Amino acid sequence: MTESNVHDYRDATLRSVSPNFTAKVFAEIGLDRYTICPSAIGDVYVAWSTPGVAAVRLAGDEQTFEAWYTERFGRRVVPAVEDDPVSAAARAKLQGGRVTVPIDLRDCSPFEQRVLHEAAEIRRGNARPYRWLAREIGAPDATRAVGNALGRNPVPLLIPCHRVIRTDCSVGGYVFGSDAKRALLESEGLDLGAVEKIVDRGFRYVATDDGYFCLPTCGDIATRLGVVPGYFGLRTLEEAHAHGLAPCTSCRPIAA
Amino acid sequence: MAVACAVAEPDTNTMLAEALARDVDRAFEDVVIAFRQPVVTFVARMLRDDARAEDVTQEVFVRAYRALHGYPPERRAELRLRSWLLAIAHNLTRNAVRDAPPASDSLEYDDGTPRVGLTDRQPGPEGEVLRAEAWQSVGDAVAQLSPALRAAFVMRYVDDLSYDEIAETLGQPVGTVKASAHRGLLAVRAQLENER
């Protein structure tokens with residue numbers, strides 16, 4: 001037996017673990033971790049459990065965050081050393097990447113989950129009223145409850161609850177403050193100044209020359225105006241009908 | 001390439017053990033990162049089955065975590081983590097080896113394909129094959145050792161662990177460990193001679 005045979009055996013049999021090894025260990029021992037990620041509103045703490053991201057909060061004092069987390073979720077969270085597939089996805093998403101991030105909504109009621117899943121469908125550059133979201137989930141009388149559910153969104157930014165605003169197009173409340181909400185919407189390409197001008201003139205809908213009408217906060221208007229010159233405001237649904245306009249299929253200004 | 005088990009320097013051990021004494025939860029990921037590679041390598045050598053090696057390694061760290069929570073801080077501060085983790089790994093692989101006899105293991109492992117780590121510094125295809133055969137015959141010889149001799153041989157002659165450390169890991173007197181490692185060495189040597 002030569003030394004080099006043993007050396008070769010040693011080198012050839014070195015093994016490493018798969019990328020989600022640490023995640024599997026932490027899943028088994030039931031300990032959650034968190035990391036700091038840059039985002040559109042500055043650094044945030046992103047905490048994750050086995051199913052996915054459980055919390056996003058502004059970065060600040062670690063102890064305060066950890067205490068808040070345990071109070072809300074009943075589990076301990078500790079600072080992570082390495083990213084794993086879940087936190088890497090969240091990090092990419094918070095920097096504008098188009099990735100799917102697994103989310104852990106176990107802490108939310110079934111109603112809250114419905115609200116949050118619906119809010120997750122609102123695309124960049126768009127906003128929808130609270131009342132609209134209530135209607136979309138089949139609970140048209142639950143506008144206030146929708147607002148509360150969004151207010152309890154454990155993963156702001158990842159589920160874009162900032163894209164839900166008031167019917168009069170004022171931005172409403174936000175866990176990171178109304179100014180941050182407005183800034184986020186603007187940074188995503190929604191022209192709130194233009195929206196306010198439309199609303200201030202008493203218009204509830206916007207019609208474009210191609211025969212559709214939209215909510216003033218529909219992101220599709222801007223896209224379509226690239227090819228369709230001009231738009232005009234509408235005060236009521238009756239006006240839309242009188243002009244023979246069809247509801248936009250993207251912002252669904254009236255119930256289907 | 002560095003020896004697998006030399007990843008954690010002694011001062012790393014002290015640092016980690018003291019961190020564990022302060023707070024198991026906050027220190028645990030560092031422990032996983034520092035020792036996952038040496039542990040999975042040891043387990044893979046014992047089992048000759050990479051897929052099962054990762055599962056067993058996962059179980060090693062889960063058991064370690066639960067054990068740490070049962071220890072008082074003074075005991076955590078004193079731990080020699082590498083031998084402590086390898087001891088857990090050794091116990092688990094003993095069970096795993098008992099559940100699946102080594103003969104069937106070596107059959108499914110020894111499919112003739114060169115394994116990783118061979119190609120980067122080889123002169124040419126012929127050299128590769130020759131060297132692959134050389135280390136694989138060591139692997140085959142190791143596989144034929146009884147689990148007790150295999151553990152002692154691998155730790156002493158492959159990973160260069162001290163007899164003290166091996167004794168601690170296997171929970172045996174140093175004399176016994178020396179004898180096992182030596183008997184393992186003779187058996188491996190004899191097996192390679194036979195093949196010639």
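Since we're looking at a predicted model, the values are computed, not measured.

A closer look at the interface of chain B and chain A
Where the parts come together, the accessible area they lose is often given as the size of the interface.
Stage number 1. Between chain B and chain A, the contact holds 37 residues from the first and 27 residues from the second.
Stage number 2. Going through the elements one at a time, α2 (24-47), α3 (50-70), α7 (125-144), α8 (147-158) and α10 (174-195) of chain B are the ones with two or more residues in the side of chain B that touches chain A.
Stage number 3. With 12 residues, α2(B) is the single largest residue contributor to the side of chain B that touches chain A.
Stage number 4. Classifying every residue of the side of chain B that touches chain A gives 20 nonpolar, 6 polar and 11 charged.

Concerning the sheet that holds strand β10 (residues 246-247) of chain A
Residue and element names in this part refer to chain A.
Stage number 1. Here we have 4 strands laid out as an open sheet, ordered β9-β7-β8-β10, and mixed in their pairing. The sheet is open, and its two borders are formed by β9 (231-234) and β10, each paired with just one other strand.
Stage number 2. Pairing analysis gives 2 bridges linking strand β7 (residues 205-208) to strand β8 (residues 212-214), with the strands arranged antiparallel. Paired with Val206 across the two strands is Cys214, which belongs to β8.

Things to note about the sheet that holds strand β2 (residues 44-48) of chain A
All names here are of chain A.
Stage number 1. The sheet built from 4 strands is open, its strands ordered β3-β2-β1-β4 with mixed pairing. Each edge of the open sheet carries a strand with a single partner, namely β3 (53-58) and β4 (77-79). Within this sheet the neighbouring strands show an average axis-to-axis angle of 30 degrees, counted without direction.
Stage number 2. Strands β1 (32-37), β2 and β3 of the sheet are contacted by helix α4 (residues 85-94), whose axis makes an angle of about 145 degrees with β2.

Quick look at the domain arrangement of chain A
Residues and elements named next belong to chain A.
Stage number 1. Segmenting chain A into domains produces domain 1 (22-94), domain 2 (108-190) and domain 3 (192-256).
Stage number 2. Distance between the C-alpha centres of domain 2 and domain 3: 20 Å.
Stage number 3. Taken together, the 13 residues of domain 2 in the interface contact 9 residues of domain 3.
Stage number 4. The leading source of residues in the side of domain 2 that touches domain 3 is helix α8 (residues 178-187), at 3 residues.
Stage number 5. The residue makeup of the side of domain 2 that touches domain 3, split by class, is 5 nonpolar, 2 polar and 6 charged.

Some thoughts on the domain arrangement of chain B
Residue and element names in this part refer to chain B.
Stage number 1. Domain parsing of chain B yields domain 1 (1-102) and domain 2 (110-196).
Stage number 2. Each partner contributes residues to the interface: domain 1 has 15 residues there, and domain 2 has 14 residues.
Stage number 3. Sorting the residues of the side of domain 1 that touches domain 2 by element identifies α2 and α5 (81-99) as the ones contributing at least two each.
Stage number 4. Counting residues per element, the side of domain 1 that touches domain 2 draws most heavily on α5, at 6 residues.
Stage number 5. Per-class residue counts for the side of domain 1 that touches domain 2 are 9 nonpolar, 2 polar and 4 charged.

Topic: unusual backbone geometry
Trans is the prevailing form of peptide bonds, just as negative phi is the prevailing case for residues other than glycine.
Residue and element names in this part refer to chain A.
Stage number 1. Even without being a glycine, Arg252 presents a positive backbone phi close to 40 degrees.
Stage number 2. For Arg252, the location among the structural elements is in the segment after β10.
Stage number 3. Its 16 C-beta neighbours within 10 Å are what place Arg252 among the partly exposed residues.

Let's talk about the environment of Glu121(A)
All names here are of chain A.
Stage number 1. By the element assignment, Glu121 lies in the loop between α5 (110-120) and β5 (128-129).
Stage number 2. Of the residues examined, Glu121 has 13 C-beta atoms within 10 Å and is grouped as partly exposed.
Stage number 3. Each C-alpha atom of the pair Glu121 and Ile29 lies 33 Å from the other, and the pair is 92 residues apart in sequence.

Here we look at the pairing of β1(A)
All names here are of chain A.
Stage number 1. When you tally the buried positions in β1, you get 5 out of 6 residues, the bulk of the element.
Stage number 2. Taken together, the 3 bridges between β1 and β4 define a ladder with parallel strand orientation. Counterpart to Arg33 in the pairing with β4 is Val78.
Stage number 3. Here 5 bridges tie β1 to β2, and the two strands are oriented antiparallel to one another. Along β2, the bridge assignment pairs Tyr34 with Ala47.
Stage number 4. Counted along the chain from β1 to the antiparallel partner β2, the turn is 6 residues long, and its residue Gly42 has a positive phi close to 105 degrees.

Rules used in this analysis
- Along each chain, numbering runs from 1 in the same order as the chain's sequence is written.
- Both sets of labels track the order of writing: A upward for chains, 1 upward for ligands.
- Selection of residues for local features in this predicted model requires a pLDDT of at least 70, selection of side-chain atom pairs for listing and counting requires 80 or more, and totals for whole chains, interfaces and linings are taken over all residues.
- Any two residues are considered in contact once their C-beta atoms, placed from the backbone, lie within 7 Å.
- Strands here are runs of E lasting at least two residues and helices are runs of H or I lasting at least four, both read from the DSSP assignment and numbered beginning at the N terminus.
- Note on residue categories: nonpolar means Ala, Val, Leu, Ile, Met, Phe, Trp, Tyr, Cys or Pro, charged means Asp, Glu, Lys or Arg, and polar means any other residue, Gly included.
- Paired strands are those between which DSSP finds at least two bridges.
- Interaxial angle, 0 to 180 degrees, is taken between N-to-C directions of lines fitted to C-alpha atoms, where a helix line uses only the stretch in contact.
- Throughout the structure description, domain borders are defined by an automatic or database domain assignment.
- Our exposure labels follow a C-beta count within 10 Å of each residue's own C-beta, placed from the backbone: buried means 20 or more other C-beta atoms, exposed means 12 or fewer, and partly exposed covers the counts in between.

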